[in-house]
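Chains, contacts and geometry: an overview
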Amino acid sequence: IYKLYIGHCNGITDVSALGNVRELTIWECPGITDVSALGDVYELRIIDCHNITDVSALGNVHELSLVDCNGITDVSALGNIHALTLEFCDNITDVSALGNIYKLILRSDNITDVSALGNVYELTLDCCSGITDVSALGNVHNLYIAHCNGITDVSALGNVYELTLSCDNSTD
């Protein structure tokens, strides 16, 4: 199977046979708790699956999106992924291990420290009201900041190649 979408399937609990699927989306499947066999999926999207708690085996996925997965707290094993999206995963607060990711998208009010992300090539911070300091992001190549109302000083971002700001409180 090249591309597979599994959505709203309460009865599915075992996805261990899907490790060779190239593109896999799992959406609102509360019975799925173990995704350790999916580490070789090229593009993996896990959406609204609150019972998944361990994503440490997904470090070899090329492109990973975790959206509204509140059971996940630790993403430290995902630092070598090419493209990572973390959206509204409310219990993820530490992104310090993600500084070598090529493309990183963060949408969460609970992330406050992005100082380790200065080597990310393409970084999106959206709806991250907990972030106040972006001074370490001056070497990011493409930086998009939107709806991050805690950020007031962007003076350290002068070396960013492409900078997009859409913040209510940016003053500098």
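In what follows, the structure referred to is the one given above.
Now for a description of the structure that goes with this document. Computed from a predicted model, the values in this text were never measured in an experiment.

Looking now at the packing of aromatic side chains. Per the stated rule, a full pass over the model turns up two aromatic pairs. Here Y5 and W27 contribute two aromatic rings whose centre-to-centre distance is 6.2 Å and whose plane-to-plane angle is 85 degrees, an arrangement assigned as edge-to-face. Of this pair, Y5 sits in strand 1 (residues 3-7) while W27 sits in strand 2 (residues 23-27), and the two are 22 residues apart along the sequence. What makes W27 partly exposed here is its relative accessible area of 32%. Ring plane angle 10 degrees and centroid distance 4.7 Å describe the contact between Y102 and Y121, whose orientation is recorded as stacked. Within this pair, whereas Y102 is found in the loop between strand 5 (83-87) and strand 6 (103-107), its partner Y121 is found in the loop between strand 6 and strand 7 (122-126), the two being separated by 19 residues in sequence. Judged by relative accessible area, which is 36%, Y102 ranks as partly exposed. Under the relative-accessibility criterion, Y121 is labelled partly exposed at 30%.

With that settled, the discussion passes to the environment of A83. As for its placement among the helices and strands, A83 is situated in strand 5. Given the relative accessible area of 9%, A83 is considered buried. Separated by 23 residues in sequence, A83 and N60 place their C-alpha atoms 11 Å apart. Contact partners of A83, with chain neighbours within four places excluded, come to H62, E63, L64, I101 and K103.

In this section: unusual backbone geometry. Even without a glycine there, the phi angle at C127 is positive, about 60 degrees. Looking at where C127 falls in the secondary structure, it is placed in the loop between strand 7 and strand 8 (142-146). The exposure class of C127 is partly exposed, given its relative accessible area of 27%. The phi dihedral of H147 falls on the positive side, at around 60 degrees, and the residue is not glycine.

Let us look at the pattern of salt bridges. Tallied over the full model, the rule gives four salt bridges. The partner of E43 in a salt bridge is R45, with the nearest N and O atoms 2.0 Å apart. Using a relative accessible area of 13% as the deciding quantity, one classes E43 as buried. Residue R107 is joined to D126 by a salt bridge in which the shortest nitrogen-to-oxygen separation is 3.0 Å. Here R107, found in strand 6, pairs with D126, found in strand 7; they are 19 residues apart in sequence, far enough to count as distant. Through salt bridges that share partners, E87, R107 and D126 make up one connected network.

By the criterion of burial, strand 4 (residues 63-67) is predominantly enclosed, with four of the five residues buried. Here five bridges tie strand 3 (residues 43-47) to strand 4, and the two strands are oriented parallel to one another. Counted as the bridge partner of I46 is L66 from strand 4. Bridge count between strand 4 and strand 5: five bridges; the pairing is parallel.

Analysis parameters
- Residues numbered from 1 in each chain as written.
- Predicted model: local features only at pLDDT ≥ 70, side-chain atom pairs only at ≥ 80, totals over all residues.
- Heavy atoms only, no water.
- Phe/Tyr/Trp six-rings, centres within 6.5 Å; stacked < 30°, edge-to-face > 60°.
- Helix = DSSP H or I, 4+ residues; strand = E, 2+ residues; numbered from the N terminus.
- Buried < 20%, exposed > 50% of the residue type's maximum accessible area, 1.4 Å probe, protein only.
- Contact = heavy atoms within 4.5 Å.
- Salt bridge = Lys/Arg side-chain N within 4 Å of Asp/Glu carboxyl O.
- Pairing = 2+ DSSP bridges.

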